[in-house]
Amino acid sequence: MKKQDWKFMQVFGDKASSDNVSDEDIISAVQFDRSGRVLGLGDRAGRLIIFEVPQSKKRDKAEYQYLTELQSHTREFDFLKSTDIEEKINQVQWLRSQGKNMYVLTTNDKTVKLWKISEKNVTKVIKQSGKDLAMPKLQVVESGLIPSVRKVFPNLHNYHINSLTASNNEEFVLTSDDLKVYLWSVEQPSKAFVAVDLKPENLDELSEVITSSTFHPTLDNQFLYTTSKGIIKLCDMRKSGICDNTAITMSETEDPAKKNFFTEIVTSISDACFSRNGKYIFSRDFLTVKVWDIAMTNKPVATVQVFEPLKSKLCDLYENECIFDKFSIQSSLDSNSFITGNFNSTFHIANVIHNMN
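Fair warning: this is a prediction, and the values are worked out from it, not measured in the lab.

**Q** How do you make sense of the sheet that holds strand β13 (residues 172–176) when you look at a structure like this?
**A** Strand pairing in a sheet relies on backbone hydrogen bonds, with the paired strands running either antiparallel or parallel. The 4 strands lie next to each other as β12-β13-β14-β15, forming an open sheet whose pairing is antiparallel. In the strand order of this sheet, the two ends are held by β12 (163–166) and β15 (192–197), each with one partner. On average, each strand axis in the sheet is inclined to that of its neighbour by 20°, with strand direction left out of account. Here β13 pairs with strand β14 (residues 180–185) via 5 bridges, running antiparallel.

**Q** Sorry, what's going on with the sheet that holds strand β21 (residues 280–284) here?
**A** Sheet architecture is open: 4 strands sit in the order β20-β21-β22-β23, paired in antiparallel fashion. The sheet terminates laterally at β20 (271–274) and β23 (302–305), the two strands that pair on one side only. Neighbour-to-neighbour, the strand axes of the sheet open up by a mean angle of 15°, direction not taken into account. Looking at chain direction, β20 and β21 are connected through 4 bridges and run antiparallel.

**Q** I keep staring at the pairing of β15 and nothing clicks. Help me out?
**A** Regular strands show a simple pattern: their side chains alternate between the two faces of the sheet. Relative to β15, β14 runs antiparallel, the two sharing 5 bridges. By the bridge assignment, L183 is partnered in β15 with F193. Here β14 folds back onto β15 in antiparallel fashion, the turn holding 6 residues.

**Q** Would you take a moment to explain a nonpolar patch on the surface for this structure?
**A** On the surface, Y159, L203 and L206 cluster together into a nonpolar patch covering about 230 Å² of accessible area. Mapping L203 onto the fold places it in the loop between β15 and β16 (210–215). The exposure class assigned to L203 is partly exposed, which follows from its relative accessible area of 42%.

**Q** Mind showing me how you'd approach the layout of surface pockets here?
**A** Empty pockets left among the atoms are what a rolling probe the size of a water molecule brings to light. Put simply, the second largest pocket is a space of about 890 Å³. For the lining of the second largest pocket, the elements supplying multiple residues, two or more each, are α1 (263–267), β21, β22 (288–293) and β23. For the lining of the second largest pocket, the element with the highest residue contribution is α1, accounting for 4 residues. When its residues are assigned to classes, the lining of the second largest pocket shows 7 nonpolar, 12 polar and 11 charged.

**Q** Can you help me understand the environment of V152 in this one?
**A** As for its placement among the helices and strands, V152 is situated in strand β11 (residues 137–152). Counting along the chain gives 47 residues from V152 to L105, while the straight-line C-alpha distance between them is 9.8 Å. Once you skip the residues sitting within four places of it in the chain, V152 turns out to touch T111, V112 and K113.

**Q** Please explain the pairing of strand β3 (residues 38–43) as it appears in this structure.
**A** Most of β3 sits out of view: 6 of its 6 residues are buried. Going residue by residue along β3, you find V38, G40 and G42 tucked away on one face and L39, L41 and D43 tucked away on the opposite face as well. Relative to β3, strand β2 (residues 27–32) runs antiparallel, the two sharing 5 bridges. What sits directly across from F32, in β3, is L39. Between β2 and β3, which pair antiparallel one after the other, the connecting turn spans 5 residues, and G36 there sits at a positive phi close to 85°. Sheet topology note: the β3/strand β4 (residues 47–52) ladder contains 5 bridges and is antiparallel. Bridge assignment links V38 to a residue of β4, and that residue is E52. A loop of 3 residues connects β3 with β4, the two strands running antiparallel in sequence, and G46 in this loop sits at a positive phi of about 85°.

**Q** Explanation requested: the pattern of salt bridges in the structure shown.
**A** Side-chain pairs of opposite charge can arise where the charged atoms are in close proximity. As enumerated under the stated definition, the model contains 11 salt bridges in all. For the salt bridge of R47 with D25, the shortest nitrogen-to-oxygen distance reads 2.8 Å. Of the two residues, R47 is situated in strand β4 and D25 in the loop between β1 (2–7) and β2; the sequence distance between them amounts to 22 residues. Residues R47 and D25 agree in their burial class; the two are buried. The residue E252 makes a salt bridge to K290 at a minimum N-O spacing of 3.8 Å. Highlighted residues: E252 in the loop between β19 (248–250) and α1 and K290 in strand β22, separated in sequence by 38 residues. Within the structure, one salt-bridge network assembled from shared partners comprises D25, D43 and R47.

Rules and cut-offs
- Residues numbered from 1 in each chain as written.
- Predicted model: local features only at pLDDT ≥ 70, side-chain atom pairs only at ≥ 80, totals over all residues.
- Heavy atoms only, no water.
- Pairing = 2+ DSSP bridges.
- Helix = DSSP H or I, 4+ residues; strand = E, 2+ residues; numbered from the N terminus.
- Axes fitted to C-alpha atoms, helices over the stretch in contact; angles between N-to-C directions.
- Patch = residues over 30% accessible without salt bridge, like charges linked within 9 Å, V, L, I, M, F, W, Y side chains within 5 Å.
- Areas by Shrake-Rupley, 256 points an atom, 1.4 Å probe, with all protein chains shown as cover.
- Salt bridge = Lys/Arg side-chain N within 4 Å of Asp/Glu carboxyl O.
- Buried < 20%, exposed > 50% of the residue type's maximum accessible area, 1.4 Å probe, protein only.
- 1 Å grid on protein atoms, 1.4 Å probe; cavity = no way out; pocket = protein on both sides within 12 Å on 5 of 7 lines; lining within 4 Å.
- Points joined across faces, edges and corners; volume = space filled by probe spheres on them.
- Nonpolar A, V, L, I, M, F, W, Y, C, P; charged D, E, K, R; others polar.
- Contact = heavy atoms within 4.5 Å.

In C-alpha cells:
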C-alpha cells in the first residue's frame, strides 16, 4: 500500500512558528465543499474563515485565496447546568450552493447553525454629462459577501457534539454526542428525532460511548456510528426509526491472549467515514485504519498500521495523555484512498482499495 507523509501547520495566519500562535487561532475544523474549490476553516475562537480557488485557476496548480470570514459562535453560559459553552467550532458541513449563495452548517459543543453567505453589490447613481434628457445609470461601486444565520438548531444535546453531517438530499442533518444520535429536518429544526440512544437507566452501567456518526454518501436512509469499544454500527432507518437494536454490527474480534491494559484505549474508534461510492467504510483507531466492505461485515478487508513504532511506547503515551488524542479520517473522491491525521503535524494518505483489486 502506498503511503505518503505530508507536513502542515494547524493554524490560520502567517505565523513562522507554532510557538507564537495564540490558542484562539488554532484550527479546530476543516471542510471542503463538493466542488473542492471552497474551503472552510473553523477555529477555537468560533470563527469560520473561507477560502476559494478563483474560477480562472486550475485546481492542480492554484492556491486557495482568502474570501471572507464570519463569527459563527461566541462563548455562552448554560444556566441550567452552570457551565460555559465554548465558542470553538467542532464541525463544518457545506451544503450545495444555490446560485451565488453559499450554505454551510457549523457547530460548537452544543448548538448547530445554518449560515447563508450571499453576494451583495453597493451601487450609486451616475448622471451622464452633456445629455440633458439622459437617464441616470446605476453603477456597482463595491461588492462583498454578507453572512446571515438562516437556522439555529435547539440545544438538545446533553453532551458535547462530536459529529455533524447532512444527508445527500440535504433535507436532514445528523448530529451525535456521547450517548445519542439525533436526526434533524433542515427546514424545521425546532424538533429532533432520536435515532440512537445508548443511555442506560443507571449510568453506572454505561460501558461504551458514541465517538462519531455520518450519513451514507448516496443513501439518505442509512448512516453509521462508532463506539469506544471499536464497534461500527451500520443503520438503516427503513427497518426501524430507532436503530439501537436493528443496526448491523461490524467489529474485529480481539485475541484474548493479546489483550492488555491499553487494548480498550487503542481500539476505540475516533472517527469513521464511507468511501465516496458508498461501498467501503474507513475507520480510524489510535494505531490503525481499518477498511470494511459493506457487503462483507464480519471482518475488515484491510488494516493499515499508522503508528507501528508507538506500540512499544504506549506506557509513555499514557502518562502524557497523548494516547487519548483523536484523529479524523476522510475518503478521496475516487474512493481508493483515505487521509488521516498523525502526530508531529503530519498526516497520512494511503491508497488501499486500488491495491486490493
